[in-house]
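Chain by chain, the residues:
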Amino acid sequence: MSQPDAAALVGPSHRSQPELTSRYGQVMMNTFGAPKRVFVRGEGVHVWDADQNRYLDLLSGLAVNGLGHAHPAVLSAITSQLSTLGHVSNFFATPAQIALAERLVDLTGRGRTDHAKVFFTNSGTEANEAALKATRLTGRSRVIAMEGSFHGRTMGALSLTHNPAYRTPFEPLPGGVTFVPYGDADALADVLDDTVAAVVVEPIQGENGVVSPPQGYLQRVRELTREHGALLWFDEVQTGMGRTGRWLASEGVEADLVTLAKGLGNGFPIGACLAFGAAGQLLKPGHHGTTFGGNPVAAIAGLAVIGVIERDGLLANATAVGEHLANSVESLRHPLVTTVRGEGLLRGIVLAVDIAPKVSDLLLDAGFITNAPRPNVLRIAPPLLITREQIDAFVAALPQALGAARD
């Protein structure tokens with residue numbers, strides 16, 4: 001019996017962008033608007049659209065593809081695992097699942113001595129849902145989150161997300177959430193008391209325009225939560241897995257809960273909720289579940305990602321190339337560039353006027369993928385293996401895009 005040809009169902013590879021965009025609009029829910037491009041292939045730090053135009057990917061699928069596209073180590077691991085065992089549900093365990101949990105615990109530098117536990121999910125918002133449910137088992141129900149925060153789109157994660165445009169259409173959301181200014185430890189101290197289950201913080205707020213807190217803020221939050229017996233929860237969905245040049249952007253501050261996703265699977269859907277100490281004992285059998293979370297294919301992808309980052313020194317590369325990016329952009333001394341924020345390869349180019357979406361579109365036309373999380377901020381989050389020379393090509397193209405957007 002012949003095997004079904006999945007590629008034939010996709011259709012001929014020579015389909016044009018207008019045709020594919022039209023088909024998209026006919027069958028896809030209008031949750032994202034019309035796609036800016038239809039991509040058909042990726043390799044390393046580049047992708048190609050349906051008209052065979054090449055782009056330098058400076059967004060990594062929103063900080064997901066830390067190893068770029070079609071990385072041979074990830075492809076080999078996934079293919080090998082699929083040919084052996086693809087899925088078994090969480091009634092059972094697999095060696096890949098166990099090994100990935102062990103590696104994540106070890107990467108924190110705390111786990112084995114702090115009784116760390118891992119719950120695998122399919123995404124960042126699901127990792128945050130797991131963490132939120134764990135906080136409810138403390139016997140307290142209040143959570144403090146930050147102004148400017150983004151934690152996901154499911155109802156629980158959305159209740160912790162500050163942006164009214166995301167929240168308002170779906171209210172009433174789960175309650176008991178208090179928002180305080182990000183980076184203001186005194187404001188946190190004013191509302192933190194013994195009724196608070198947890199404080200949730202992004203070490204860098206990516207969706208708010210790549211905003212970092214003041215020096216010492218995360219440690220002060222740790223001290224305040226300990227004073228009141230509240231859990232400290234770091235959302236490292238965007239900042240984790242080497243994005244800032246460290247495995248965790250919160251490195252050096254001991255959280256009770258840490259959530260990961262995005263860069264963990266290099267495009268294969270996987271997330272994780274890590275819990276330390278007593279927090280690791282909160283979720284019991286029957287409290288939570290997931291059909292696909294931590295299946296062996298997702299887990300082997302995560303193991304491959306960690307292995308390549310370690311083997312190829314990509315933490316150091318993220319630090320060095322990220323500094324090169326920031327210095328090069330600021331060295332342009334362009335009147336429309338105010339500063340460059342962030343760490344490693346999570347950077348926000350802050351503009352003097354609200355033209356970032358237009359600049360991003362012009363850069364796309366020139367062959368560079370970026371995005372504008374805020375009207376005056378361009379976000380740059382390329383693969384961790386990007387080179388200085390590739391960054392230089394982007395920096396050289398930036399002034400023309402800025403000038404054209406202002407005209």
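My aim in this report is to walk through the structure given alongside it, one point at a time. (Residues numbered from 1 in each chain as written. Predicted model: local features only at pLDDT ≥ 70, side-chain atom pairs only at ≥ 80, totals over all residues. Heavy atoms only, no water.)

A separate point is the side chain of Ser250. One can find Ser250 in the loop between strand E8 (231–235) and strand E9 (257–260). In this structure, Ser250 is in contact with Pro203, Leu218, Phe234 and Glu236, ignoring residues within four places of it in sequence. (Helix = DSSP H or I, 4+ residues; strand = E, 2+ residues; numbered from the N terminus. Contact = heavy atoms within 4.5 Å.)

Moving on to the packing of aromatic side chains. Under the definition given, this model contains four aromatic pairs. Ring centres of Phe39 and Tyr55 lie 5.4 Å apart, and the angle between their planes is 80°; on these two criteria the pair is classed as edge-to-face. Here the residue Phe39 occupies a position in strand E1 (residues 39–43), and Tyr55 occupies one in strand E3 (residues 54–57), the gap between them amounting to 16 residues. By relative accessible area, which is 4% here, Tyr55 ends up buried. On the basis of an interplanar angle of 65° and a centroid distance of 6.1 Å, the ring pair of Phe368 and Phe394 is categorised as edge-to-face. With a gap of 26 residues between them, Phe368 in strand E13 (residues 368–369) and Phe394 in helix H14 (residues 388–406) connect regions that are remote in the sequence. Assessed through its relative accessible area of 10%, Phe368 is described here as buried. Here the basic side chain of Arg41 rests over the ring of Trp48, its NZ or CZ set 3.8 Å away from the ring centre. Positioned above the aromatic ring of Tyr166 is the side chain of Arg153, whose terminal nitrogen or guanidinium carbon lies 3.9 Å from the ring centre. (Phe/Tyr/Trp six-rings, centres within 6.5 Å; stacked < 30°, edge-to-face > 60°. Buried < 20%, exposed > 50% of the residue type's maximum accessible area, 1.4 Å probe, protein only. Lys NZ or Arg CZ within 6 Å of the ring centre and 35° of its normal.)

Glu171 connects to Pro172 through a cis peptide bond whose omega is 10°. Topologically, Pro172 is positioned in the loop between helix H8 (164–167) and strand E6 (177–180). One non-glycine residue, Ser60, lies in positive phi territory at about 55°. When you line up the elements, Ser60 lands in helix H3 (residues 60–63).

The terminal C-alpha atoms of helix H5 (residues 95–107) lie 18 Å apart, and with 13 residues this matches the ideal 18 Å at 1.5 Å per residue to within 8%. In this structure, the buried side of H5 is in contact with helix H4 (72–82), strand E4 (117–121), E9, strand E10 (271–275) and helix H11 (296–311). Positive phi appears at Gly109, one or two residues downstream of H5, with a value of about 75°. (Expected span 1.5 Å × (residues − 1).)

Our focus in this paragraph is the sheet that holds strand E2 (residues 46–49). Strand order in the open sheet made by the four strands is E1-E2-E3-E13, with mixed pairing throughout. Single-partner strands in this sheet number two, and they are E1 and E13. With two bridges connecting them, E3 and E13 associate as parallel partners. Bridge pairing in E13 places Leu56 opposite Phe368. (Pairing = 2+ DSSP bridges.)

Proximity of charged atoms lets side chains of opposite charge pair with each other. Summed over the entire model, instances satisfying the criterion amount to 13 salt bridges. Residue Asp361 is joined to Lys36 by a salt bridge in which the shortest nitrogen-to-oxygen separation is 2.9 Å. Of this pair, Asp361 sits in helix H13 (residues 356–365) while Lys36 sits in the loop between helix H2 (17–27) and E1, and the two are 325 residues apart along the sequence. We classify Asp361 as partly exposed; its relative accessible area is 34%. Among the residues examined, Lys36 registers a relative accessible area of 56% and is labelled exposed. In this structure, Glu207 and Arg379 form a salt bridge, with 2.8 Å as the shortest nitrogen-oxygen distance. With Glu207 in the loop between strand E7 (196–201) and helix H10 (217–228) and Arg379 in strand E15 (residues 377–380), this pair connects stretches of sequence that are 172 residues apart. On the accessibility criterion, Glu207 (22% relative accessible area) is partly exposed. (Salt bridge = Lys/Arg side-chain N within 4 Å of Asp/Glu carboxyl O.)

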